[in-house]
Structure formats: structure tokens, C-alpha cells
Amino acid sequence: MNYTLFVGDLHLSADRPDILAAFNRFLSQDASHCDALYILGDLFEVWVGDDIAEPFALELAERLKAFSAHTPIYFVHGNRDFLLGKRYAKLAGMTLLPEVYCIDLYGIPCVILHGDSLCTLDKAYQRFRRFRNFGWAKFIYNHLPKSQRTAIANKLRHKSKQSNQLKSYSIMDVEQSAVEQLMQQTDTKRMIHGHIHRPNIHQLTNNRQRIVVGDWYEQGSVLKVSAEQLVLQRLPFADN
């Protein structure tokens, strides 16, 4: 049976070797016969720059490159790794996709994205998101010394965690009107995204669906889609 896999929000870091080990098992076992693998952002907990990739990220790139020899890998940027660039993508054998991308998935028109752009009620974050997407902002950041880039990234990560603790779930969730607007604009029947860390299959009006892939903090989360069905799978870590 032909099928395609979607994952997101792994938040890989040197501090969580258990997540990295689970993802490596996933690549060698669960994903070994799929038609394609889509990574919907936040593969890494933080990404400072392709030229400062940590050793674990470089080792992962080798595994992804080997996987891409038989299965295409597509990557959509997340809010934690929006600076991941062509250099690392090439090293890992991944094809970079736009923030919003449409695909025909076994006859069903779908739109895929990380999902943070749909959280329109979080005004402060959306202002930051617009700023970070300016080409000149990325250019300036990428030309700063490595130590300064690392300090900025760590500060933003800390500030984000503090801010999220004060926000309600409704503020950090996707906004229904934003979902409907994007699906109308793209003329799609199915939306697949991550970011909010609450895996679910939502049935919408007009025979549409919104599927959320989960995070990998306590277990793996994978969406498996074929022509016959779609299933959100849980992948327990080895020590669970």
C-alpha cells in the first residue's frame, strides 16, 4: 500500500537524546517504505544558523541524506527553525518548501504548513513573525558573529517560554477564520499542520478536514496518509 508520512515539532536538541533515538528508529523502521516524508517545522528546538550546526544535527543530516536516497524528504520551516537554510537542507537531502504549500495527496487537494501563521489571536507573536520574515532582518542576523547569534537565539527562546506561560490556550491555538480563509484561498479539502502540539483530526464544514500532528516530547507522533485512510499514530519511546 502506498502511503505518505507527516511529522513535526520534534524539537530535537543535544539535551534530548531520547527523542533523537526515537526519530532514528522511525527513519529506519516505520518510514522505510513510504512514498514521501514531510517534516512540518520545528525539527529542532532552536536553529542558530547552518554554519553553527551542532554535532548531533550534522549526524542527523547524514542519516536523513541516506534516507533521501530512496525516499524524498520535504521540509516546511517552523517558528523554532525558520533560519534553517539551503546549506543544511542540501546536507540532509531535504527539499525546502514554502511556508504554505499545496499538494495532491492521493487525489485529495491538501494544504500543508507549520501552523503558527494561523494563530492570529496572538498579536505579539504575529508582529515578531512579520519582522523575522523580512529579508533584510535575516541578512543582518546571518552576518552577525556566531556568539552574538547564539546569544540572540537563546534570549528569544527564553522570552518565548516565559510569554507562553502567561497566554491562554485559546490565544495560542489556530483561529478558525484563518483556517477557513486559507482553505478557501488554496481551494483545498484537507489541511495538515503542527505547532499547537495537540494531535487531532478535525472534521470541518463542506467535507473538509484539519489534521494536527503532535509533538515528540513524550512520544512520537506521525500522520500516515494513504488513498484509503489517514491515521494519527503514536510511537512510544523505548523506555516508556
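Worth saying up front: this structure is predicted, and the values here are computed from it rather than measured.

K.L.:
I keep staring at the overall build of the protein and nothing clicks. Help me out?
P.N.:
Scanning the protein for helices and strands turns up eight helices and 11 strands. Against the 2.2 N^0.38 benchmark of 18 Å for 240 residues, the protein shows a C-alpha radius of gyration of 17 Å, consistent with a compact globule. The principal-axis extents of the C-alpha atoms in the protein amount to approximately 50 × 40 × 35 Å. Carbon and sulfur atoms make up 53% of the accessible area of the protein, which amounts to about 12,200 Å² in all. Placing the 28 positive and 25 negative side-chain charges of the protein at their respective mean positions leaves the two points 6 Å apart.

K.L.:
What am I meant to see in the UniProt feature "binding site: Mn(2+) 1" (unreviewed entry) in the protein here?
P.N.:
The UniProt record marks D9, H11, D42 and H197 with the feature "binding site: Mn(2+) 1" (unreviewed entry), using the residue numbering of this structure. Look at the named residues: they lie 189 residues apart in sequence, but the longest C-alpha span between them is just 11.2 Å, so in the fold they bunch up. By the element assignment, D9 lies in the loop between β1 (3-7) and α1 (17-30). With a relative accessible area of 0%, D9 lands in the buried category. Contacts of D9, omitting those with residues within four sequence positions, involve G41, D42, H114, G194, H195, H197, V213, G214, D215 and W216.

K.L.:
I keep staring at the pattern of salt bridges and nothing clicks. Help me out?
P.N.:
Where side chains of opposite charge bring their charged atoms close, a pairing between them can arise. Inspection of the entire model under this criterion finds six salt bridges. Here D116 and R129 are joined by a salt bridge, their closest N and O atoms 3.1 Å apart. Remark: R129 occurs in helix α4 (residues 123-132) and D116 occurs in the loop between β6 (108-113) and α4; sequence separation between them is 13 residues. Side by side, D116 and R129 carry an identical accessibility label, which is buried. Salt bridges here are not isolated pairs; linked through shared partners, they connect E99, D116 and R129.

K.L.:
Help me out: how do you make sense of the packing of α1 against helix α2 (residues 55-68) in this one?
P.N.:
Axis angle and axis distance: for two packed helices, these are the angle between their axes and the distance between the axes, and together they describe the pair. For the pair α1 and α2, interaxial distance at closest approach is 11 Å and the crossing angle is 10°. With respect to α2, the axis of α1 lies roughly parallel. Contacts between α1 and α2 involve L20, F23, N24 and L27 on the former and, on the latter, F56, L60, R63, L64 and F67. Of the residues in the contact of α1 with α2, the class split is seven nonpolar, one polar and one charged.

K.L.:
Could you clarify how one ought to interpret α1 in this entry?
P.N.:
The end-to-end C-alpha separation of α1 is 19 Å, in line with the 20 Å expected for 14 residues at 1.5 Å each. Taken together, the buried positions of α1 are occupied by I19, L20, A22, F23, N24, F26 and L27. Buried positions along α1 lie against β1, β2 (36-39), α2, β10 (219-226) and β11 (230-236).

Conventions used here
Residues numbered from 1 in each chain as written. Predicted model: local features only at pLDDT ≥ 70, side-chain atom pairs only at ≥ 80, totals over all residues. Heavy atoms only, no water. Helix = DSSP H or I, 4+ residues; strand = E, 2+ residues; numbered from the N terminus. Rg over C-alpha atoms; globule rule 2.2 N^0.38 Å. Areas by Shrake-Rupley, 256 points an atom, 1.4 Å probe, with all protein chains shown as cover. Lys, Arg positive; Asp, Glu negative; His and termini not counted. Charge placed at Lys NZ, Arg CZ, Asp CG, Glu CD. UniProt positions renumbered as here; feature names shortened; annotations may be inferred. Buried < 20%, exposed > 50% of the residue type's maximum accessible area, 1.4 Å probe, protein only. Contact = heavy atoms within 4.5 Å. Salt bridge = Lys/Arg side-chain N within 4 Å of Asp/Glu carboxyl O. Axes fitted to C-alpha atoms, helices over the stretch in contact; angles between N-to-C directions. Parallel < 35°, antiparallel > 145°, perpendicular 65-115°, else oblique. Nonpolar A, V, L, I, M, F, W, Y, C, P; charged D, E, K, R; others polar. Expected span 1.5 Å × (residues − 1).

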